[in-house]
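Overview (structure and organization)
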Amino acid sequence: MSLKVYNSLTRQKELFEPINPPYVGMYVCGPTVSGESHLGHARPFITFDILYRYLMHLGYKVRYVRNITDAGHFEEEGRAAEDKISSKAVLEKLEPMELVQKYTNMFHWAMNQFNNLPPSIEPTATGHIVEQIEMIKQIIADGYAYEANGSVYFDVEKFNTDFSAKGQPYGILSGRVLDEQIESTRELDNQEEKRNKSDFALWKNAPPEHIMRWQSPWGEGFPGWHIECSAMSTKYLGKAFDIHGGGMDLQFPHHECEIAQSTVCNHQMPARYWMHNNMITINGKKMGKSYNNVIKLSELFAGTHPILAQPYAPSTVRFFILQSQYRSTLDFSNEALQGSEKALKRLMEAFDWLMNFEHPINNSATNTDLNTKVIQLVNDFDTFMNDDINTAKVIANMFELVPVINSLKDKHIEASALDSNTYTVLKQQMKAFIVDVFGLQTNKADNNDKLDGVLQLLINMRKDAKQRKDFVTSDKIRNELTALGIQLKDEKDGGMSYTIQ
RNA sequence: GGUCCUGUGGCCGAGUGGCUAGGCAGAGCUCUGCAAAAGCUUCUACAGCGGUUCGAAUCCGCUCGGGACCUCCA
């Protein structure tokens, strides 16, 4: 039973072997907090949350580092390159750090809504200016970066020449050949400062109007985007760590540049396994600002975006994402989300019943075929997760178990059909994967005892009415509760249950 | 233009040489005061054309369609 993950670097599934077991170091590129997160952003953070949880489930001690990019991220739209954070701050008349705090708070709120575990360390770029400057100094000292007008650029050409000989050319991760892309790079500002178009900024000179600025050996300025991840991953995970994750769109140039910088400073490839999640699309197109098709998470949860037919609960979105394999594109549609909503509800109701079911003690199953099948379905949870985190297949198996569970509930299947061991394993695995690994929550979490008491009272009144064949009263109770978003269900054995929407 | 990915039923999606994916929607039946839920049954598939093979949704080729990246990106 061993975990295999797809390594973007080698373009194949590889056996996962930590450098220093049982410890695992995992770095995931976090958000740029200059704006609100959208549905597309949800995918990597949910995907790598599942990986984090699964690694812990396997017994690893994981240090999960996910940064907050709160400075240094360039935005160029034909105008002078400027810091994304500070330009937005001027627009909104906020202090840069005020803006950063606002969107950081919103990001944390969304992560919490999704039931993502907080990372072990969540370092900020602005909190690691010193480390970034030190790293840049070393790259210059080693001859792989040069200063021009108060900015510092990484010499990609030199790196490529020297490290190609060592089997690590620039472009090793994304499969690009440097010579081929030199002609195709688009025009950027300050291009004349660079020796080559493919060189990227490690440090940028800050023009006078730039608010976010730090002292450096090259004058006042701000760090480039790529260097923060190299500096912070090295600081907290060491020169070589196990997993580096992020969206596929970060593979080039961001991760490629990280590899180059870190390799120069640390004399080795920073991460062993590079994992990239695919994009969420909408009508087949990547969700992104430049396509003007983003659905912000707050809009998604509130149902306020024009494209949305209804609000979608965070757990529905999480489940929707888990229904596909993380390396496939996932196409958003109302129909798909509605499907996930209903599916999740059915799964969780069966799960909740199972957890409360006091199974009989019997050493031999009366239905050995079913008994064997259940064990197989449940054991395959591990098999599928070990095959590059195939949550889709795990969920498919869970849905094969749902009719079995519901049939036990409705007594279409006798409780004696399965033996005690099977019940134990079934409950353990369902709980481990639904709650611990997938992080799915029951909606009942926000109920409270008093509300439950009130509902039990109404349920009892309705039961009495039904017994008297007073269907006017029983329907009134049911219909008015339905109008309030509380659904009553008549159970097979005469009992009643409720669910709150 | 370069590099790479992809095309599965009404929708979303697993899959990878032979064995039911799964979910949602649709249809029928059972249960039921009615409804809902649930259970059972069921209908729609592998873009097209060739090739390899005893056998192809899966491998190869071509054609057509969709997408990502090529220094903002999750």
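Throughout, residues of each chain are indexed from 1 in the direction in which the sequence is written. Each chain takes a letter, starting from A, and each ligand takes a number, starting from 1, following the order in which they are written. Given that this is a predicted model, residues contribute local features only at a pLDDT of at least 70 and side-chain atom pairs are listed and counted only at 80 or more, while totals for whole chains, interfaces and linings are drawn from all residues. Values reported for side chains reflect all heavy atoms of the structure, with hydrogen atoms and water molecules removed beforehand.

What follows covers helix 13 (residues 391-409). Each helix is a run of H or I in the DSSP string that is no shorter than four residues. Each strand is a run of E no shorter than two, and both are numbered from the N terminus. Here, expected helix span is obtained from the residue count minus one, scaled by 1.5 Å. Counted at 1.5 Å a residue, the expected span for helix 13 with its 19 residues is 27 Å, and the 26 Å between its end C-alpha atoms agrees. Note that bend, as reported per residue, equals the angle between axes fitted to the 7 residues terminating at that residue and the 7 residues originating from it. Of all the bends in helix 13, the largest measures some 25° and sits at Leu 401, one to four residues before the proline Pro 403. Per-residue accessibility, obtained with a 1.4 Å probe over protein chains only, is compared with the maximum for each type, and a residue is labelled buried under 20%, exposed over 50%, and partly exposed between these values. Of the positions making up helix 13, those classed as buried are Thr 391, Val 394, Ile 395, Asn 397, Met 398, Phe 399, Leu 401, Val 402, Val 404, Ile 405, Ser 407 and Leu 408. Note on contacts: a residue pair qualifies if any of its non-hydrogen atoms lie within 4.5 Å across the two residues. Each element contacted by the buried residues of helix 13 is listed here: helix 1 (39-57), helix 10 (314-322), helix 11 (334-356), helix 12 (368-386) and helix 14 (420-437). Lys 411 sits one or two positions beyond helix 13 and adopts a positive phi of about 65°.

Attention shifts here to the sheet that holds strand 14 (residues 285-286). Strand order in the open sheet formed by three strands is 14-13-15, with mixed pairing between adjacent strands. Edge positions in the sheet fall to strand 14 and strand 15 (330-332), since each of these pairs with one other strand and no more. We call two strands paired when DSSP finds no fewer than two bridges between them. Across two bridges, the pairing between strand 13 (residues 280-282) and strand 14 is antiparallel. Paired with Thr 281 across the bridge in strand 14 is Lys 286.

Interaxial angles span 0 to 180 degrees and are taken between N-to-C directions of axes, which are lines fitted to C-alpha atoms, for helices over the stretch in contact. One way to put it is that helix 4 (residues 129-141) packs onto helix 8 (residues 251-266) with a least axis distance of 9 Å and a crossing angle of 75°. Considering the angle they form, helix 4 stands roughly perpendicular to helix 8. Touching Met 135, Gln 138 and Ile 139 of helix 4 are Gln 261, Ser 262, Val 264, Cys 265 and Asn 266, all from helix 8. Its residues placed into classes, the contact of helix 4 with helix 8 shows four nonpolar, four polar and no charged. Comment on the angle field: the value is read as roughly parallel under 35 degrees, roughly antiparallel over 145, roughly perpendicular from 65 to 115, and oblique elsewhere. Three classes are used: nonpolar for Ala, Val, Leu, Ile, Met, Phe, Trp, Tyr, Cys and Pro, charged for Asp, Glu, Lys and Arg, and polar for all others, with Gly counted as polar.

It is worth spelling out the side chain of Ser 198 at this point. Take Ser 198: it is sitting in the loop between helix 6 (178-181) and strand 9 (200-205). Excluding residues that lie within four positions of it along the chain, Ser 198 makes contacts with Val 156 and Leu 178.

This part is about the pattern of salt bridges. Only one rule defines a salt bridge in this text: a Lys or Arg side-chain nitrogen within 4 Å of an Asp or Glu carboxyl oxygen. By the definition in use, this model includes 18 salt bridges. Glu 131 is the partner of Lys 235 in a salt bridge, and the nearest nitrogen-oxygen pair spans 2.6 Å. You can see Lys 235 sitting in helix 7 (residues 225-237) and its partner Glu 131 sitting in helix 4, a full 104 residues away along the chain. Between Arg 478 and Asp 475 there is a salt bridge, with the nearest N and O atoms lying 3.6 Å from each other. You can see Arg 478 and its partner Asp 475 sitting in helix 16 (residues 471-483), three residues apart, about one turn around the helix. With a relative accessible area of 29%, Arg 478 lands in the partly exposed category. Here Asp 475 falls in the partly exposed class, since its relative accessible area comes to 29%. Bridged by salt links that share partners, the residues Asp 49, Arg 53 and Arg 318 form one connected network.

Note on placement: Ile 139 falls in helix 4. The residues touching Ile 139, leaving out its near neighbours within four places in the chain, are Tyr 144, Ala 145, Phe 154, Leu 202, Ile 227, Gln 261, Val 264 and Cys 265.

Let us now look at the pairing of strand 12 (residues 271-277). Across the seven residues of strand 12, six count as buried, placing the element largely inside the fold. In this sheet, strand 12 lies alongside strand 11 (residues 241-247) in parallel orientation, the contact comprising six bridges. Residue pairing in the sheet places Phe 241 in a bridge with Ala 271 of strand 12. With helix 8 bridging strand 11 and its parallel neighbour strand 12, the resulting β-α-β unit is right-handed. When the strands point away from the viewer and the connection leading from the first strand across the helix to the second strand turns clockwise, the crossover is called right-handed.

A few words on the sheet that holds strand 3 (residues 23-28). The strand order 4-3-11-12 describes an open sheet built from four strands, whose pairing is parallel. In the strand order of this sheet, the two ends are held by strand 4 (61-66) and strand 12, each with one partner. Pairs of neighbouring strands in the sheet enclose a mean axial angle of 20°, with direction left out of account. The pairing of strand 3 with strand 11 spans three bridges and is classified as parallel. Considered in strand 11, the bridge of Met 26 is made with Ile 243. Relative to the sheet, helix 7 contacts strand 3, strand 4 and strand 11, its axis offset from that of strand 3 by approximately 165°.

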